[in-house]
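Fold and contact review
Chain by chain, the residues:
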Amino acid sequence: MIVDSHYGFTTLYPYRGRFAPSPTGLLHTGSLVAALASWLDAKVHNGKWLIRIEDVDTPRTVKGAAHGILQQLAQCGLHSDEAVLFQSSPIAQARYQAVLDDLIARQWVYPCHCSRKSLANQPRGLHQPHTEPHSPIGCAWRLRVDEPEVAATVGDFVLKRADGCFTYQLAVVVDDAAQGITHIVRGADLADNTARQIYLQRLLGYATPHYHHTPLVLGENGQKLSKQNGAQAIDTRTPLAVFNALNASAQVLGLPVVEKFGEISEISEISELLAYWIDWVQAQNQSGDLPNQPDSPAPERANQ
Ligand code: GLU
């Protein structure tokens, strides 16, 4: 147990963080920023850091990418403190189905045949609740959103797709709760999912973790670096390449960059570089001068 007075109040909890890459390609600088930030935050709080492979969207999963990501992380010295959870595993899939069945039984979820195209014709593209019953055969399952602000900004959203895949929104909420995640540190591109996730957590009676979103890395064209727009995989083939990749991510996070690998006697190993940043963040914490402040205070912890 540790005491966290980070957020202006004191809470007792065992810190559990995670990094949850989708294996749609190898890690690029943008994803390493989130990995490093979440790992550092966990270590600074003497917490656990878990890796979860978010391969719930099986058609988008790239063969070999999960293995490649785990290898890149290991080469960066970032190791999961518990067994890696794969969302495609039978145990995870059974968990999602049980939660979906519960929401169907409680009439929070309804079958929906709407296509993206038909949604585009709805006000602001938001899905409105169905008034007519739909056949559940070959349909998606959509969650009714009755919280006015969430309804007005994101509308009803899908938890299981017509092709049988559970969605990221459902899987991430169920896994964060199942793994007892207390702190989520992830890229700012995911920030607009947070309202949906908190809404779902509340419906399911789950605790809401602390959320913190890291700055995005932009490519030369000013666009967010992503696998979709061809971001290069980070090179982790040699210790020097790993050192450079970690330093580039550290710079985005406002951490001190270490100029030359091996030339400062105390930093000639990746583990020493990581330990240097842990010490640096701890020192900043003590002086109350953190480079990145959390962007959402967590409500009181429930049922964990
Ligand atoms: N799987 C998501 C991604 O790779 C991250 C999900 C999350 O951190 O909530 O973008």
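For the structure, see preceding data.
Calculation rules
Just so you know, the residues in each chain are numbered from 1, in the order the chain's sequence is written. Only residues with pLDDT of at least 70 get local features here, since the model is predicted, and only at 80 or more are side-chain atom pairs given and counted; chain-wide, interface and lining totals rely on the full set of residues. Just so you know, side-chain values use all the structure's heavy atoms and leave hydrogens and water out. A run of DSSP states H or I qualifies as a helix once it reaches four residues; a run of E qualifies as a strand once it reaches two. Both are numbered from the N-terminal end. Note on contacts: a residue pair is in contact if any heavy atoms of the two residues lie within 4.5 Å. Under the convention used here, a 1.4 Å probe and the Shrake-Rupley method define accessible areas, while residue burial counts only the protein chains that appear. Whether a residue is near a molecule or strand depends on its heavy atoms: it is near if one of them lies within 4 Å of it. Throughout this description, a polar contact denotes any pair of N or O atoms lying within 3.5 Å of each other; where both atoms belong to protein, one of them has to be capable of donating a hydrogen while the other can accept it, and for residues adjacent in sequence the pair is counted only when both atoms sit in side chains. Expected span of a helix, by definition, is 1.5 Å for each gap between consecutive residues, and there is one gap fewer than residues. Working definition: with a 1.4 Å probe on protein chains only, accessible area under 20% of the residue-type maximum means buried, over 50% means exposed, and in between means partly exposed. Should DSSP find at least two bridges between two strands, the strands are taken to pair. Between the N-to-C directions of two axes lies an angle of 0 to 180 degrees, each axis being a line fitted to C-alpha atoms and, for a helix, fitted only over the stretch in contact. Any pair of Phe, Tyr and Trp rings, taking the six-membered ring for Trp, is counted once the centres come within 6.5 Å. Such a pair is stacked with planes under 30 degrees apart, edge-to-face with planes over 60 apart, and tilted for the rest. Note on geometry: a ring has a charge over it if NZ (lysine) or CZ (arginine) is within 6 Å of the ring centre and within 35 degrees of the ring normal. When a carboxyl oxygen of Asp or Glu is within 4 Å of a side-chain nitrogen of Lys or Arg, the pair counts as a salt bridge. Crossovers are described as right-handed under a simple rule: with the strands pointing away from the observer, the path leading from the first strand over the helix to the second runs clockwise.

A few points about the overall build of the protein
Scanning the protein from N- to C-terminus turns up nine helices and 10 strands. Put simply, of all contacts in the protein between residues at least 6 apart along the chain, 72% involve residues at least 24 apart. When the accessible surface of the protein is totalled, it reaches about 14,800 Å², and 53% of it is carbon and sulfur.

Describing the site of the ligand
Lining the immediate surroundings of the ligand are Arg-18, Ala-20, Pro-21, Ser-22, Glu-54, Tyr-168, Val-172, Arg-186 and Leu-190. Ala-20 has a polar backbone atom sitting 2.7 Å from a nitrogen atom of the ligand. Ser-22 is positioned such that a nitrogen or oxygen atom in its side chain is 2.8 Å from a nitrogen atom of the ligand. Contact with the protein chains hides 82% of the accessible area of the ligand, taken as 300 Å² for the molecule alone.

Notes on helix α1 (residues 29-44)
With 16 residues, α1 should cover 22 Å at 1.5 Å per step; its first-to-last C-alpha distance of 22 Å lies within 8% of that length. In terms of burial, α1 is a largely internal element, 15 of the 16 residues being buried. A positive phi of about 50 degrees marks Asn-46, the residue just after α1.

Overview of the environment of Gly-155
Mapped onto the elements of the fold, Gly-155 is located in the loop between α5 (148-153) and β8 (157-160). Overall, Gly-155 belongs to the buried group, its relative accessible area being 3%. The sequence separation of Gly-155 and Leu-143 amounts to 12 residues, and the corresponding C-alpha distance is 9.0 Å.

Things to note about the sheet that holds strand β5 (residues 85-86)
One open sheet holds the five strands; their spatial order is β5-β4-β3-β9-β10, and the pairing between them is parallel. Where the open sheet ends on each side, the last strands, each with one partner, are β5 and β10 (210-214). Sheet topology note: the strand β4 (residues 48-53)/β5 ladder contains two bridges and is parallel. The partner of Arg-52 across the bridge, within β5, is Leu-85. Set on the sheet, helix α2 (residues 65-75) makes contact with β3 (16-19), β4 and β5; between it and β4 the angle comes to about 155 degrees.

Let's talk about the environment of His-213
For His-213, the position within the fold is in strand β10. Note: C-alpha distance between His-213 and Gly-187 (26 residues apart in sequence) is 5.1 Å.

Observations regarding the side chain of Asp-176
You can see Asp-176 is positioned in helix α6 (residues 168-178). Excluding its chain neighbours within four sequence positions, the residues that come into contact with Asp-176 are Arg-18, Arg-52, Ile-181 and Ile-184.

Re the side chain of Arg-186
Turning to its location among the elements, Arg-186 is positioned in strand β9 (residues 183-187). Polar contacts involving the side chain of Arg-186 include one to the side chain of His-213, which spans 3.0 Å. Each residue touching Arg-186, except ones within four places of it in the same chain, is listed here: Arg-18, Ala-34, Tyr-168, Asn-193, Thr-194, Gln-197, Tyr-211, His-212, His-213 and Thr-214.

Some points on the packing of aromatic side chains
Per the stated rule, a full pass over the model turns up two aromatic pairs. A centroid spacing of 6.4 Å and a plane angle of 10 degrees characterise the contact between Phe-19 and Trp-49, whose relative ring orientation is stacked. Of this pair, Phe-19 sits in strand β3 while Trp-49 sits in strand β4, placing them 30 residues apart in sequence. The residue whose ring lies beneath Arg-144 is Trp-108, and the NZ or CZ to ring-centre distance is 4.4 Å. Of note, Arg-196 hangs over the ring of Phe-157, and the distance from its end group to the ring centre comes to 5.8 Å.

Focus: the pattern of salt bridges
The final tally for this structure, using the stated rule, is 11 salt bridges. For the salt bridge of Asp-235 with Arg-237, the shortest nitrogen-to-oxygen distance reads 3.0 Å. Here the salt bridges do not stand alone but share partners, grouping Arg-18, Arg-52, Glu-54 and Asp-176 into one network.

A word on helix α7 (residues 194-204)
The α-helix advances 3.6 residues per turn, and as a result positions three or four apart in sequence lie on the same side. By the criterion of burial, α7 is predominantly enclosed, with nine of the 11 residues buried. Those residues of α7 hidden inside the fold are in contact with α3 (90-105), β7 (140-143), β8, α6, β9 and β10. Just past α7, the residue Gly-205 takes up positive phi, approximately 75 degrees.

Quick look at the pairing of β4
Burial analysis of β4 places five of its six residues in the buried class, which makes it a mostly covered element. Pairing of β3 with β4 involves four bridges; the strand directions are parallel. Note that in β4 the partner of Arg-18 across the bridge is Leu-50. Between the parallel elements β3 and β4, the chain passes through α1 in a crossover that is right-handed. In the classification by handedness, the crossover that spans β4, the intervening α2 and the parallel β5 is right-handed.

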